[in-house]
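Notes for the structure review
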Amino acid sequence: MTNKTPMRLPPLKALRVRHPNKADTNPCLVVMSSVLSCWASAGYSSSGCAAVEQALRACMDAPKAPPKPSNTINYHLARLSSKVTAQPSRKK
């Protein structure tokens, strides 16, 4: 049996998870772009865009979903980083 030393990981500057809270896309964005493209091609007061305009009004009047609670992973990583990473020694 050989005596193996455990593998050491390189020191980390900071513990951090990138972008834990991704922004949700707006559900009315597609309908709004359809309305704008319809207006651009047929004119603002065109009656052909009425169905798309009604779809946009219905989307905008729909109740909003409650916001998700924010992710606190980076807060907890910063709080516990002193216990995980080795602190540099102070020189006198």
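So, a few notes on the structure that sits alongside this text. In this text the structure is predicted, and so the values were computed from the model without any measurement.

1. Digging into the overall build of the protein
Assigned secondary structure in the protein consists of three helices and zero strands. Scanning the protein from its N terminus toward the C terminus, one meets helices and strands in the order α-α-α. Going through the 92 residues of the protein one by one, you find that 8% of them count as buried. Restricting the contact set of the protein to residue pairs at least 6 apart, pairs at least 24 apart contribute 67%. When the accessible surface of the protein is split by element, carbon and sulfur atoms take 60% of a total near 9,000 Å².

2. Brief notes about the layout of surface pockets
Each pocket or cavity is described by its volume, and for the largest pocket that value is around 430 Å³. Around the largest pocket sit 14 residues that line it, and Asn26, Pro27, Pro63, Lys64 and Ala65 are the ones nearest its centre. The residue inventory of the lining of the largest pocket, partitioned by class, reads nine nonpolar, two polar and three charged.

3. Topic: the packing of helix 1 (residues 29–42) against helix 2 (residues 50–61)
Axis angle and axis distance: for two packed helices, these are the angle between their axes and the distance between the axes, and together they describe the pair. Here helix 1 crosses helix 2 at 150°, and the two axes come no closer than 9 Å. With respect to their mutual orientation, helix 1 and helix 2 come out roughly antiparallel. As for the relative orientation of helix 1 and helix 2, their crossing is left-handed in sense. Residues Val31, Met32, Ser34, Val35 and Trp39 of helix 1 lie in contact with helix 2, whose contacting residues are Val52, Glu53, Ala55 and Leu56.

What counts, and at which threshold
- Residues numbered from 1 in each chain as written.
- Predicted model: local features only at pLDDT ≥ 70, side-chain atom pairs only at ≥ 80, totals over all residues.
- Heavy atoms only, no water.
- Helix = DSSP H or I, 4+ residues; strand = E, 2+ residues; numbered from the N terminus.
- Buried < 20%, exposed > 50% of the residue type's maximum accessible area, 1.4 Å probe, protein only.
- Contact = heavy atoms within 4.5 Å.
- Areas by Shrake-Rupley, 256 points an atom, 1.4 Å probe, with all protein chains shown as cover.
- 1 Å grid on protein atoms, 1.4 Å probe; cavity = no way out; pocket = protein on both sides within 12 Å on 5 of 7 lines; lining within 4 Å.
- Points joined across faces, edges and corners; volume = space filled by probe spheres on them.
- Nonpolar A, V, L, I, M, F, W, Y, C, P; charged D, E, K, R; others polar.
- Axes fitted to C-alpha atoms, helices over the stretch in contact; angles between N-to-C directions.
- Parallel < 35°, antiparallel > 145°, perpendicular 65-115°, else oblique.
- Left-handed = near helix turned anticlockwise from the far one by under 90°.

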